[in-house]
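What follows is the residue order along each chain.
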Amino acid sequence: MNFSRRETFGLGLGAVALTMLPVGASAATVDELIAEFTGGADMADTGVTLTAPEIAENGNTVPISVEAPGASAIMVLATGNPTPPVGTFNFGPLAGSRSASTRIRLATTQDVVAIAKLEDGTFARASAEIKVTIGGCGG
């Protein structure tokens, strides 16, 4: 295969550009994600209700619901997944209910953590261990 001077220069320039890009965003740990959401503030163990099955027969679709009266935002994390953040639910002042429900994918048996930012600026936390019998995320 013969390359012209222009093609060779273009390939070299592309290679230089690739070396300057970040290799990849390293996945943040659960503790780092929590610290970013809370700003390092203390969390109460009451005020959030996380409803999840104790045993999930299939990790591909696990139903969960989270409720925190007076919350302005709720963040849900799956601690054992390759990508821990499940979602963040934001609530406006006119929200009738400060709750959310969804189905998530779990790789293995792990803890699911819900952290609520309350309107008064405090934070509350709840967690539940879910035992997965059939793998979901690549398992």
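This text follows the structure it describes.
A brief look at the structure comes next. Note that the coordinates shown come from a computational prediction; the quantities given were computed from them, not determined experimentally.

1. Overview of the nonpolar core
Within the largest apolar cluster, 24 residues are counted, with the highest numbers of intra-cluster contacts made by V48, V66, I74 and L106. Elements with a minimum of two residues in this core: strand 4 (62-67), strand 5 (71-78), strand 7 (99-104), strand 8 (110-118) and strand 9 (123-132). A total of five residues in this core trace back to one element, the largest contributor, which is strand 9. Discounting residues that sit within four places of it in the chain, V48 has contacts with V66, E67, A68, A114, A116, A124, R125 and A126. Core analysis: the next-biggest nonpolar cluster, separate from the first, contains ten residues, I34, M75, V113 and F123 among them.

2. Looking at the sheet that holds strand 7
Taken together, three strands build an open sheet; the order of strands is 2-4-7 and the sheet is antiparallel. Of all strands in the sheet, those with a lone pairing partner are strand 2 (49-51) and strand 7, marking the two edges. With strand direction ignored, the average angle separating the axes of adjacent strands in the sheet is 15°.

3. Some remarks on the environment of F91
Summarising the element assignment, F91 is placed in the loop between strand 6 (85-90) and strand 7. Residue F91 is classed as buried on the basis of its relative accessible area of 15%. As for F91 and A73, which are separated by 18 residues in sequence, their C-alpha atoms are 5.8 Å apart. In this view, F91 contacts A71, S72, A73, I74, S97, R98 and S99; residues no more than four positions away in its chain are not counted.

4. Some details on the pattern of salt bridges
Enumeration according to the criterion identifies one salt bridge in this entry. Ionic pairing is found between R98 and E119, a salt bridge with its closest N-O pair at 2.9 Å. Of the two residues, R98 sits in the loop between strand 6 and strand 7 while E119 sits in the loop between strand 8 and strand 9, which places them 21 residues apart along the sequence. On the basis of relative accessibility, which here comes to 12%, the residue R98 falls in the buried class. Given the relative accessible area of 53%, E119 is considered exposed.

About the criteria used
Residues numbered from 1 in each chain as written. Predicted model: local features only at pLDDT ≥ 70, side-chain atom pairs only at ≥ 80, totals over all residues. Heavy atoms only, no water. Core = buried A, V, L, I, M, F, W, Y, C linked by side-chain atoms within 4.5 Å. Buried < 20%, exposed > 50% of the residue type's maximum accessible area, 1.4 Å probe, protein only. Helix = DSSP H or I, 4+ residues; strand = E, 2+ residues; numbered from the N terminus. Contact = heavy atoms within 4.5 Å. Pairing = 2+ DSSP bridges. Axes fitted to C-alpha atoms, helices over the stretch in contact; angles between N-to-C directions. Salt bridge = Lys/Arg side-chain N within 4 Å of Asp/Glu carboxyl O.

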